[in-house]
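Here's the letter readout for the chains.
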Amino acid sequence: MSLKTDLELLAKHIPKIKQDRNYWFVRTDGGDFYENFLNGGFIGIGYEKVSLFDISLAANINIEEKRSIDILTERIKKIFPDNKRPGLISGQLARFVYSIKKGDIVIIPSRSSDILQFGEVLSTAVHLKDGIDDCPYTKRKKVKWLKYELKSNLEAEFYKMIFTHNTISNANEYEGYIDR
């Protein structure tokens with residue numbers, strides 16, 4: 001065999017990573033819904049009083065546009081008048097619906113974040129709860145779970161990601177570690 005042939009064979013076995021892939025850390029409500037997400041092949045988000053219709057009315061053009069977020073935030077203020085951070089809720093819902101796309105990688109933590117599960121999002125569209133399980137989140141995205149890793153086996157850089165408190169956090173800065 002020639003060097004060229006050897007390199008071509010080697011190249012066939014190197015995984016190809018999409019350039020436009022994003023990485024997301026998605027909380028599981030303190031681990032309460034970790035098993036549901038894992039066994040059901042999905043990720044989900046709460047705020048059940050906010051419908052997909054509410055979200056689409058406010059942000060169906062470009063969710064990165066501040067005006068769209070402001071419209072959604074105003075709607076959330078009406079739905080949750082006592083909530084002190086309606087902008088955070090609107091940002092989390094918009095990120096779930098519009099930013100997490102097919103092919104993206106999601107990471108979910110178990111209770112106490114002892115285990116991190118890695119998966120690939122199978123569809124951009126949000127689907128509503130179909131079937132019976134203990135997870136009350138009706139807004140869901142299908143996920144193919146690929147691998148799990150014990151927190152103790154991960155590189156120290158992951159600890160910053162684990163201690164973020166948002167429901168959904170962009171984890172693109174960890175892509176090199178995740179892809180390894």
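**Some details on the environment of Ile71**
Then comes step 1: The residue Ile71 is located in helix H4 (residues 66-79) in this model.
Then comes step 2: A sequence separation of 16 residues divides Ile71 from Ile55, and the C-alpha atoms of the two residues are 9.3 Å apart.

**Some points on the pairing of strand S6 (residues 139-150)**
Then comes step 1: Here four bridges tie strand S2 (residues 42-45) to S6, and the two strands are oriented antiparallel to one another. When the sheet's bridge partners are listed, Phe42 is paired in S6 with Lys142.
Then comes step 2: Where strand S4 (residues 115-121) lies against S6, seven bridges are found, and the strand directions are antiparallel. Note on S6: the bridge partner recorded for Glu120 is Lys144.
Then comes step 3: Pairing between strand S5 (residues 127-128) and S6: two bridges, direction antiparallel. Bridge pairing links Leu128 to Lys139 in S6.

**Brief notes about the nonpolar core**
Then comes step 1: Val26, Phe37, Ile43, Phe96, Ile100 and Val106 are the most contacted members of the largest nonpolar core, which totals 29 residues.
Then comes step 2: The set of elements that each furnish at least two residues to this core consists of strand S1 (23-26), helix H2 (34-40), S2, H4, helix H5 (86-99), strand S3 (105-109) and S6.
Then comes step 3: With five residues, the single largest contributor to this core is H5.
Then comes step 4: Setting aside chain neighbours within four positions, we find Ile100 in contact with Trp24, Ile43, Arg95, Val106, Val121, Thr124, Lys141 and Ile168.
Then comes step 5: In this structure, Ile107, Leu154, Phe158 and Ile178 belong to the second largest nonpolar core, which totals 13 residues.

**Considerations on the pattern of salt bridges**
Then comes step 1: Under the criterion given, the structure shown has seven salt bridges.
Then comes step 2: Across the salt bridge formed by Glu120 and Arg21, the nearest N and O atoms sit 3.8 Å from each other. With Glu120 in strand S4 and Arg21 in the loop between helix H1 (3-12) and S1, this residue pair connects regions lying 99 residues apart in the sequence.
Then comes step 3: When the shortest N-O distance is used, the salt bridge between Asp54 and Arg75 registers 3.1 Å.

**Quick word on the side chain of Ser110**
Then comes step 1: Assignment of secondary structure puts Ser110 in the loop between S3 and S4.
Then comes step 2: For Ser110, a relative accessible area of 8% translates into the label buried.

**Quick notes on unusual backbone geometry**
Then comes step 1: Notably, Tyr47 is not glycine yet its phi reads approximately 55°, a positive angle.
Then comes step 2: Locating Tyr47 in the fold gives a position in the loop between S2 and helix H3 (52-59).
Then comes step 3: Overall, Tyr47 belongs to the partly exposed group, its relative accessible area being 29%.
Then comes step 4: For Ser113, which is not glycine, the phi dihedral falls at a positive 55°.
Then comes step 5: By the element assignment, Ser113 lies in the loop between S3 and S4.

**Comments concerning the pairing of S1**
Then comes step 1: Residues of S1 alternate between two faces, with Tyr23 and Phe25 on one and Trp24 and Val26 on the opposite face, all of them buried.
Then comes step 2: Where S1 lies against S3, three bridges are found, and the strand directions are parallel. Each bridged residue has a counterpart across the sheet, and for Phe25 the counterpart in S3 is Ile107.
Then comes step 3: Sheet topology places S1 next to strand S7 (residues 168-170); three bridges connect them, and they run antiparallel. Looking at S7, one finds that Val26 is bridged to Ile168.

**Description of H5**
Then comes step 1: An ideal rise of 1.5 Å per residue puts 20 Å on 14 residues; H5 measures up with 19 Å between its terminal C-alpha atoms.
Then comes step 2: Of the residues making up H5, those classed as buried are Pro86, Ile89, Ser90, Gln92, Leu93, Ala94, Phe96, Val97 and Ser99.

The rules behind each value
Residues numbered from 1 in each chain as written. Predicted model: local features only at pLDDT ≥ 70, side-chain atom pairs only at ≥ 80, totals over all residues. Heavy atoms only, no water. Helix = DSSP H or I, 4+ residues; strand = E, 2+ residues; numbered from the N terminus. Pairing = 2+ DSSP bridges. Core = buried A, V, L, I, M, F, W, Y, C linked by side-chain atoms within 4.5 Å. Buried < 20%, exposed > 50% of the residue type's maximum accessible area, 1.4 Å probe, protein only. Contact = heavy atoms within 4.5 Å. Salt bridge = Lys/Arg side-chain N within 4 Å of Asp/Glu carboxyl O. Expected span 1.5 Å × (residues − 1).

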